[in-house]
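Breakdown of the fold
Each chain is listed here by its residues.
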Amino acid sequence: MIAEVLLPIPVNQSFDYRLPESQTAVVGQRVLVALGTGKANNTPRQITGIIVAIKETSPYPDASLKPILALLDSFAIVDRAWLDFIQFTARYYAAPLAKLLINALPKHIRSDSPLTLPKLRYYQLTESGISAHKTEILPTRATKQRALLRFLHDQDKIPINEALVREQGFTAHDITTAVDKGYATYTLTSPYHSEENVCSPDYQLTGEQQALLDAITTAPDNKTHLIYGVTGSGKTEIYLQLIEKAINTGQQVLLLIPEISLTPQMLARFHERFGNRVAALHSGLGDKVRADIWLAAMNGDLPILIGTRSAIFTPFQRLGLIIVDEEHDLSYKQQEGIPYHARDLARYRAHQHNIPIVLGSATPSLESLYQVKKGHYQLHQLVTRATQATQPTIHLIDRRGDKQASHAGSSANLPIAEILLQKIRQTLQRQEQALVFLNRRGFSPVMMCRHCDWKSECPTCDAYQTAHTRARQLHCHLCGYICPLPTQCPQCGQRDLIFVGHGTEKLETQLQAQFPHHHVLRLDRDKQTTTNQLHAALEQIHNGDAHLIVGTQLIVKGHHFPNVTTVCVVDSDQALFSSDFRAEERLLQQLTQVAGRAGRESQQSHVYIQTTLPTHPVFAALQQQDYLTYANNLLAEREKYELPPHHAITIVKASALDAAPLMQFLRDVKALIDDNSQALTTLGPAPSPIERLKNRFQAQLFISAPSRMALQRELPLIEKAITHLDKSRRFRAVIDVDAMEN
Ligand SMILES: [Zn+2]
Ligand SMILES: [Zn+2]
C-alpha cells in the first residue's frame, strides 16, 4: 500500500511513501519519513508528517518510493474533515499548505516524540475494599488507609480522579498501597470527563433572553445566528445555556473569544458552571499541554474548548456548536504570516459539520450585518440590560476652543477639560470610580527640540518614537526600535527638549497630581506586561482599591466594572481623519464598547467624549445609542462606493529596500491582472500608510472583485502574477485576502 504524506516543509504538495506490508495505517496518523535524495551533498533528514490518503498505487515508479520509517502513534491526530478544512483554508487565503500546517499544529505534535492521550486515574473501592471498610478489618494504627477507604466509600461508587484524592491529603503511596492490597482499583479516563450532566443554577432568564434561546434552539442545525446584545444584556448566560444543551447530548463546543488574558471573570464563570469539562487555550500553556488539549478534542474527550483565534484549527470528533464572542473584534484577523480570519473560518467549519454557529457582539461588524441583510444570518436582539442598570448618558465636550482653555485654566496642559475634572472629582467624592480612556501608550508621542525643531523620528520607519519617561527610553511602536531618552538635543546639543502630546503615562502622572488623595491606576501594555499583573490590576479595580483608571483599549474589551459611573474619552478625533474606509465603523464600535463599561449596576452613569468635531454624525448615533441604524447607513455608503462587504477586496502588500523597483514590480503585477481578468479591478499601486518600516519601503496594490466568489476564482491569477514577476522573492509580496486594514 502507498501512503500519501503531508510534510511541514515549504513545498506545496504531498509525497508518496511505501507502507510496509506488516503495518496498517489510517488517514490522520503521524509518520516518520526520510526526506532528500541521500546523495553526498543532500543527507536525508527524518521528518514528521501526516498521512492524508492511503491508496493502492502511486503515479511514481515503485523503485523511487521510500518506505515509511515508523508510525509514531497508534491513533490519528486529525481526521478527514480537518484535512478538508485545512486545505480549504490554504486555498481560500492563497497560503502554502505547509506554512498553514506549521501554524495550526502544536509544536509538540510536529515533533517526533510519541504522543499519549491525556488520561487520569479514577479510583473506586473493590468488593474487598467495601467489606474491609464495613467490617473495620484494618488495624487502628493504619489511620491513613482507613481514612482513604472511608473517603472512597463515601463517593457512592462514583470513580474519583487522582487529583481529587490527593487534594484530600492522601499521598501517591497511600493510594498505591490500597491498590496493591486489592482494596481499590482504577480506570484510566479523560481529565475532562464528568459523570453527571450539567445542571444550570436556577437562573431567571429575562423574557427577551428566553425568547432568544428558544429561537436558536428550535432553528435548523445549519443556521448562522447573530446576537446583537447591548453590553450588560446577558449574552454570556445565553452562551452558557446553549453550551449546556449541546454537551448534555454528547456534543463538543468551541467558543472563540478575542483575548483570553483580559477576561478572567468570563473564564471563571465557565469553570464554575462546567467544572473540569472546559479547557482554555492560551499563550501561557506549555507545548505538552497544548498537545494534550488537541488530542482530547480530537478524541471526543474534551466537551468545551475556549480559545483565541488559533483555536479554530483544533480538530473535534463531535463538534456540535461554535460560538464567536465579540465577533467584530479585529484580533480574529491574523495580520502577520497567513492573514486568516477566524470568524470567517468558523463559519466555514460550522457549514462543513452542518452545525449551528452563534456570533455575538454589542457592535456587530458590517460584514455580519450585510449577511443578515442578504438573509444568510438570523439576527437576534437583546436590547435591555439584564440587571436594573440603565444605559449611560453620553455627553459631548466641544474642544474646538481647546488651546485658549488650557492656557487660561489652572490645569494648563492637561488634555482634559476643566468641567470634566470637576465631574471626576465629584465621582470620586461619591466613592464611585472614574475611567479615562486614551488609546496611546507611553509618556508622549513625540519629543521635540524647541531650539532647532528636531523631532524624535524613528531611524528606520516613517514614525515618531514615543517617549517613555519611566523606562527612560524612546520607543518606536511600529518596529520596536529602542534608544535611551536624550537629555539634550541630538542635533544641536541644546537642553531645550519638550514632550509633545499625551500618552497614558503622562496622563497618569498629571491626574495623580490633580487627585493626590486617590489611587490612580494605569492599565496598558507597558504597565502590565504579564497576565498575572493584568489580573492583579483588574482585581484592584473590582475591589475598589483603584479609584481613577487611566487606560488604553486594554480596558475596553469585555470587562465589567460595576462601580465605574463616569467615563471620559480624551481624544476620539484621530480616527475620523484616517484614510482607512473602516475608520468610522471602528470608532463607533470602540466608543460604544468604552461607553458599555460604565454603569453596569444600578447607578446612573455618564460618558463624556471630547472632540473638535462635535457635529459629526457618529456622535449623534452614539448619543441616541442607535448602533444598528448608523451601521446600516455605513453599509449603504459602502455599497455606493463598491467597498466591502458588498465587494470583496484583497491587497497585495510588498516591500523592498528601494522604492522605485518596488513600485515597478507592483505596476507589472497590476498590468498582468488587468490584461487577464475581467472580474478584478485594480487600484494603485501606492505607498502603504506607513511608507517605511524597518528600513524597507512598503507599498500595496488594491484589488477588488464584485463578490468573494469572484475573487476566489481569480486568486490563482494573482498568485501566478506574483511568482512570475518575483522569482527571487525580493519584494516579499503577500496576498491579504479580505484585508481588514488598508
Ligand atoms: Zn535642537
Ligand atoms: Zn521604527
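Residues numbered from 1 in each chain as written. Chains lettered and ligands numbered in written order. Predicted model: local features only at pLDDT ≥ 70, side-chain atom pairs only at ≥ 80, totals over all residues. Heavy atoms only, no water.

Brief notes about the overall build of the chain
What counts here: Starting at the N terminus, helices and strands are each numbered in turn, a helix being any DSSP run of H or I of at least four residues and a strand any DSSP run of E of at least two. This radius of gyration counts C-alpha atoms alone. The globule rule is 2.2 Å times how many residues there are, raised to the power 0.38. Only protein chains enter the calculation, and the probe is 1.4 Å; a residue is then buried if its accessible area is under 20% of its type maximum, exposed if over 50%, and partly exposed in between. Should any heavy atoms of two residues lie within 4.5 Å, those residues are considered in contact.
Each helix and strand counted, the chain has 22 helices and 30 strands in total. Relative to the 2.2 N^0.38 estimate, which gives 27 Å for 742 residues, the radius of gyration of the chain is 30 Å and therefore close to what a compact globule would have. Along the longest, intermediate and shortest principal axes, the C-alpha atoms of the chain span 90 × 75 × 55 Å. Burial analysis of the chain (742 residues in total) assigns 52% to the buried set. Taking contacts inside the chain between residues at least 6 apart in sequence as the whole, the part at least 24 apart equals 75%.

Section: the nonpolar core
Here is the rule we go by: Throughout this description, the term nonpolar core refers to a set of buried Ala, Val, Leu, Ile, Met, Phe, Trp, Tyr and Cys residues connected via side-chain atoms within 4.5 Å.
In terms of nonpolar packing, the biggest core is built from 124 residues, with Ile77 and Ile312 touching the most fellow members. Take this core: its biggest share by element is seven residues, from helix α1 (residues 80-92). The next biggest cluster of nonpolar side chains, apart from the first, holds 29 residues, and it includes Tyr239, Leu240, Ile257 and Phe270.

Description of the coordination of the zinc ion (ligand 2)
Tetrahedral coordination by four donors places them ideally at 109.5 degrees to one another around the metal; octahedral coordination by six donors ideally gives 90 or 180 degrees. The following threshold applies: Ligating atoms shown are N, O and S within 2.8 Å of the metal, or 3.2 Å for Na, K and Ca, and water is not included, meaning a site may look less than complete. Here the metal geometry follows the donor angles, with tetrahedral for four donors whose angles all fall between 85 and 135 degrees, square planar for four and octahedral for six when opposite donors are more than 155 degrees apart and every other angle is between 65 and 115, and irregular for all the rest.
Note on the zinc ion (ligand 2): its protein donors are Cys458 (SG), Cys461 (SG), Cys476 (SG) and Cys479 (SG). The metal-donor distances range over 2.3 to 2.4 Å. Here the zinc ion (ligand 2) binds four donor atoms, and the angle range of 101 to 121° at the metal identifies the geometry as tetrahedral. In primary-sequence terms, the residues that donate to the zinc ion (ligand 2) follow C-x2-C-x14-C-x2-C. Residue Cys461 is located in the loop between β18 (446-449) and β19 (466-468), and its partner Cys479 is located in the loop between β20 (473-475) and β21 (482-484); the two are separated by 18 residues in the primary sequence. Residue classification places Cys479 among the buried positions, given a relative accessible area of 18%.

Focus: the UniProt feature "domain: Helicase ATP-binding" (unreviewed entry) in the chain
Our working rule: UniProt positions are given in the numbering used here, feature names are shortened, and annotations may be inferred rather than shown by experiment.
Residues annotated by UniProt as "domain: Helicase ATP-binding" (unreviewed entry) correspond here to residues 216-382. Within the segment residues 216-382, helix and strand shares are 36% and 22% respectively, and the terminal C-alpha atoms sit 13 Å apart.

Quick notes on the sheet that holds strand β13 (residues 319-325)
Our working definition: Here, strands pair whenever DSSP counts at least two bridges between them. Simply put, an axis is a line fit to the C-alpha atoms, just over the touching stretch for a helix, and the angle between two N-to-C directions goes from 0 to 180 degrees.
Across the sheet, seven strands lie side by side as β11-β12-β10-β13-β14-β9-β15; this open sheet has parallel pairing. The outermost strands of the open sheet, each flanked by one partner alone, are β11 (278-281) and β15 (377-382). For this sheet, the mean inter-axis angle between neighbouring strands, taken without regard to orientation, is 20°. Relative to β15, strand β9 (residues 224-229) is paired through six bridges, and the arrangement is parallel. Following the sheet pairing, His225 is matched in β15 by Gln378. Sheet contacts for helix α9 (residues 235-248): β9, β10 (252-256), β12 (304-307), β13, β14 (357-361) and β15; angle to β13, the most-contacted strand, approximately 170°. The sheet strands contacting helix α12 (residues 342-353) are β9, β10, β13, β14 and β15, and the helix crosses β13 at an angle near 160°.

Digging into the coordination of the zinc ion (ligand 1)
Every protein donor of the zinc ion (ligand 1) is accounted for by Cys449 (SG), Cys452 (SG), Cys489 (SG) and Cys492 (SG), and the metal-donor separations fall at 2.3 to 2.4 Å. Relative to the metal, the four donor atoms surrounding the zinc ion (ligand 1) lie at angles of 105 to 113°, and the coordination shape comes out tetrahedral. Each donor residue of the zinc ion (ligand 1) belongs to the same chain, and together they define the spacing C-x2-C-x36-C-x2-C. Within this pair, whereas Cys452 is found in the loop between β18 and β19, its partner Cys489 is found in the loop between β21 and β22 (497-500), the two being separated by 37 residues in sequence.

Concerning empty space enclosed by the protein
In plain terms, the rule: Definitions used throughout: a 1 Å grid over protein atoms alone; a cavity as a set of points that fits a 1.4 Å probe which cannot get out; a pocket as an open set with protein on both sides within 12 Å along at least five of seven lines; a lining residue as one with an atom within 4 Å of a point. Grid points are joined across faces, edges and corners, and a volume is the space filled by probe spheres set on the points.
Inspection of every chain in the model, using the stated rule, returns one cavity of 30 Å³ or more. In this structure, the largest cavity encloses a volume near 60 Å³. Contributing to the lining of the largest cavity are Leu6, Pro8, Arg30, Thr48, Gly49, Ile50, Ile77, Leu101, Leu105, Ile109 and Arg110. Those elements that place two or more of their residues in the lining of the largest cavity are β4 (45-55) and α3 (107-110).

Remarks on the confidence of the model for the chain
For clarity, the cut-off: Along the chain, pLDDT gives the predictor's confidence residue by residue, from 0 to 100.
Chain-level statistics for the chain give a pLDDT mean of 89 and a share of 96% at 70 or above. In this model residues 404-411 is a low-confidence stretch, pLDDT under 50, and it forms six contacts with partners more than four residues away in sequence or in other chains.

Quick notes on the side chain of Gln528
Here is the rule we go by: Under this definition, polar contacts are N or O atom pairs within 3.5 Å; protein pairs additionally need one hydrogen-donor-capable and one acceptor-capable atom, and for neighbouring residues in sequence, both atoms have to be side-chain atoms.
With respect to the secondary-structure elements, Gln528 resides in the loop between β23 (520-523) and α17 (531-542). Exposure remark for Gln528: the relative accessible area of 7% places this residue in the buried category. A polar side-chain atom of Gln528 sits 2.9 Å from the main-chain carbonyl oxygen of Arg522.

A look at the packing of aromatic side chains
When we look at a pair of aromatic rings, we describe it by the centre distance and by the angle of the planes. Note the threshold: Any two rings among Phe, Tyr and Trp, with Trp reduced to its six-membered ring, count as a pair given centres within 6.5 Å; such a pair is stacked if its planes are under 30 degrees apart, edge-to-face if over 60, and tilted if neither. The criterion is that NZ of a Lys, or CZ of an Arg, lies within 6 Å of the ring centre and within 35 degrees of the ring normal, and then a charge sits over that ring.
Applying the stated criterion across every chain yields a total of 13 aromatic pairs. Here Phe270 and Phe274 contribute two aromatic rings whose centre-to-centre distance is 6.2 Å and whose plane-to-plane angle is 40°, an arrangement assigned as tilted. Here Phe274 and Phe270 lie together in helix α10 (residues 264-274), a separation of four residues that amounts to about one turn. The same class applies to Phe270 and to Phe274, which are both buried. An aromatic cluster is present here, built from Phe85, Phe88, Tyr92, Tyr93, Phe313, Tyr340 and Tyr348 joined pairwise through their rings. Above the plane of the ring of Tyr186 lies Arg121, whose end atom (NZ or CZ) is 4.3 Å from the centre. In this structure, Arg349 packs its charged tip against the face of Phe85, placed 4.9 Å from the ring centre.

Some words on helix α8 (residues 207-218)
Basically, it comes down to this: Under the convention used throughout, the expected extent of a helix is 1.5 Å for every residue step, that is, one less than its residue count. Note: the arc covers the axis-to-C-beta directions of the helix.
Its 12 residues place the ends of α8 16 Å apart at the C-alpha level, agreeing with the 16 Å of an ideal helix rising 1.5 Å per residue. Within α8 the residues assigned to the buried category are Gln209, Leu212, Leu213 and Ile216. Taken around the axis of α8, the buried residues stretch over an arc of 100°, which confines them to a single face. Exposed and oriented more than 90 degrees from the buried face of α8 are Gly207 and Thr218.

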